[in-house]
Amino acid sequence: MEYTKKGNQLIIRLEEDFNYPVVKRMESLVNMENIDSLVIDLTGSKLVDSEAVKLMYMLLKEGIDITLVNPPEILDKILDILELKDEFKNISIVRESR
């Protein structure tokens, strides 16, 4: 996990799946930084698990803007299954070539 901070925006690039161990590291990082916006580059991820969805949900509730870069297709399926599409409608999705 690599990260940079630009003003009140935190940019995190994952070279691994967005799962529980990554969520725990991200929680610590987000709690230490004063941010309004979070960009998560998921280009290197094949999986997003329920703990990642929970983290994003909580951050949205705290008023943090979230942008996902190249999220894996499984995220859409998880949001459908959990019936959370409406809750995540304010997340920006950026699709770049992999």
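Residues numbered from 1 in each chain as written. Predicted model: local features only at pLDDT ≥ 70, side-chain atom pairs only at ≥ 80, totals over all residues. Heavy atoms only, no water.

**Quick look at the pairing of strand β4 (residues 65-69)**
- For β4, a buried count of four out of five residues is recorded, marking the element as mostly surrounded by other parts of the structure.
- Pairing analysis gives five bridges linking strand β3 (residues 37-41) to β4, with the strands arranged parallel. Bridge pairing links Asp 41 to Val 69 in β4.
- As for the winding sense of the linkage, the β-α-β connection from β3 through helix α2 (residues 50-61) to β4 is right-handed.
- For β4 and strand β5 (residues 92-94), the ladder comprises three bridges, and the chain directions are parallel. (Buried < 20%, exposed > 50% of the residue type's maximum accessible area, 1.4 Å probe, protein only. Helix = DSSP H or I, 4+ residues; strand = E, 2+ residues; numbered from the N terminus. Pairing = 2+ DSSP bridges. Right-handed = clockwise from strand over helix to strand, strands pointing away.)

**Description of the nonpolar core**
- By size, the foremost hydrophobic cluster in this structure holds 29 residues, and its most contacted members are Phe 18, Leu 38 and Met 56.
- Contributing elements (two or more residues each) for this core: β2 (9-13), α1 (20-32), β3, α2, β4 and α3 (74-81).
- The greatest single-element share of this core, amounting to six residues, is contributed by α2.
- Among residues more than four places away in sequence, those in contact with Leu 38 are Leu 10, Ile 12, Met 26, Leu 59, Ile 64, Asp 65, Ile 66 and Thr 67. (Core = buried A, V, L, I, M, F, W, Y, C linked by side-chain atoms within 4.5 Å. Contact = heavy atoms within 4.5 Å.)

**Section: the packing of α1 against α2**
- Interhelical geometry of α1 versus α2 gives an angle of 25° and a closest axis separation of 9 Å. One way to sum up the angle between α1 and α2 is to call them roughly parallel. Judged by residue contacts, Tyr 20, Val 23, Met 26, Glu 27 and Val 30 of α1 engage Glu 51, Ala 52, Leu 55 and Leu 59 from α2.
- Class assignment for the residues of the contact of α1 with α2 results in seven nonpolar, no polar and two charged. (Axes fitted to C-alpha atoms, helices over the stretch in contact; angles between N-to-C directions. Parallel < 35°, antiparallel > 145°, perpendicular 65-115°, else oblique. Nonpolar A, V, L, I, M, F, W, Y, C, P; charged D, E, K, R; others polar.)

**So, the sheet that holds β2**
- Taken in spatial order, the five strands of this open sheet run β1-β2-β3-β4-β5, and their pairing is mixed. Unpaired on one side and paired on the other, β1 (2-6) and β5 mark the two borders of the sheet. For this sheet, the mean inter-axis angle between neighbouring strands, taken without regard to orientation, is 15°.
- Of the strand pairs in this sheet, β2 and β3 are connected by five bridges, and their pairing is parallel.

**Description of the pattern of salt bridges**
- Enumeration over the complete set of coordinates arrives at eight salt bridges.
- Measuring nitrogen to oxygen at the nearest pair gives 3.6 Å for the salt bridge that ties Asp 76 to Lys 85.
- Here Asp 76 falls in the partly exposed class, since its relative accessible area comes to 33%.
- Given the relative accessible area of 37%, Lys 85 is considered partly exposed.
- For Lys 85, the salt bridge identified is with Asp 80, shortest N-O distance 3.9 Å.
- Through salt bridges with shared partners, a single network forms among Arg 13, Glu 15 and Asp 41. (Salt bridge = Lys/Arg side-chain N within 4 Å of Asp/Glu carboxyl O.)

Geometric values such as these leave the question of function open.
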